[in-house]
Every structure is written in structure tokens, then in C-alpha cells.
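The lines below spell out each chain.
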Amino acid sequence: SFAPGEKISDRTMTQIAREYMEKMNVRDTQYILVRHTDREHPHCHLVYNRVDNRGKAIPDGNDRYRNEKACKELPDLPCREKCIAALPFVARVGK
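Residues numbered from 1 in each chain as written. Predicted model: local features only at pLDDT ≥ 70, side-chain atom pairs only at ≥ 80, totals over all residues. Heavy atoms only, no water.

(A) Highlighting the environment of Asp 52. Relative to the elements of secondary structure, Asp 52 occurs in the loop between strand 2 (43-48) and helix 2 (63-73). Overall, the relative accessible area of 9% leaves Asp 52 in the buried class. At a separation of 2.9 Å, a polar atom in the side chain of Asp 52 contacts the main-chain amide nitrogen of Arg 54. (Helix = DSSP H or I, 4+ residues; strand = E, 2+ residues; numbered from the N terminus. Buried < 20%, exposed > 50% of the residue type's maximum accessible area, 1.4 Å probe, protein only. Polar contact = N/O pair within 3.5 Å; in protein donor to acceptor, adjacent residues only side chain to side chain.)

(B) Representation of the pairing of strand 1 (residues 31-36). In terms of strand pairing, strand 1 meets strand 2 through six bridges, oriented antiparallel. Residue His 36 lies in a different strand from strand 2, and its bridge partner there is His 43. Taking the residues between adjacent antiparallel strands as the criterion, strand 1 and strand 2 are bridged by six residues. (Pairing = 2+ DSSP bridges.)

Here it is, written out as C-alpha cells:
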């Protein structure tokens, strides 16, 4: 999320999401990034396939801590604090 009224291009938002994925070691997999305009603040949602293109699972252990570290390494953006505070959601089938 970004500050209400903040002007951020699709390209910049995509670049930040890709950089975040790289820092989270989410590579070589299918993903979708969706920008939402349903709120005052620009934001996007990122969903990725935990099975990479070689058929191997992308580890999700310690996501919360890896998320915090990755967000701290992102450029100093208004969204950084929200990213750090977010607890990643990992959908688990059958649990």
C-alpha cells in the first residue's frame, strides 16, 4: 500500500513487487500481481505458485521473518512500514 493520493506508476509498483519476490527467494514460478483502485490508497496483491517451474516447492518456513527482512531491504517507500508489519498469508490446503 501507498499513501492516499500518492501517484505511483504500474511500472514502479511492478518493480517493487519483483524486487520483493527476489528478496523472498520466490523465483522461477508463476505469479500474478493485481493493482487495486477500490480504496483511496494505491495498492496491489501478489499471489504466487509455491511450486516452481521445475516442480520443486518454494520453501515457506519463517515467512514472517523473511518478509520483515525483505521489506527492510526495499527502498525507503511509504509502503515499507505496512509491508514490515504484514504477516504473510500462506494458503495451505487440508490444514
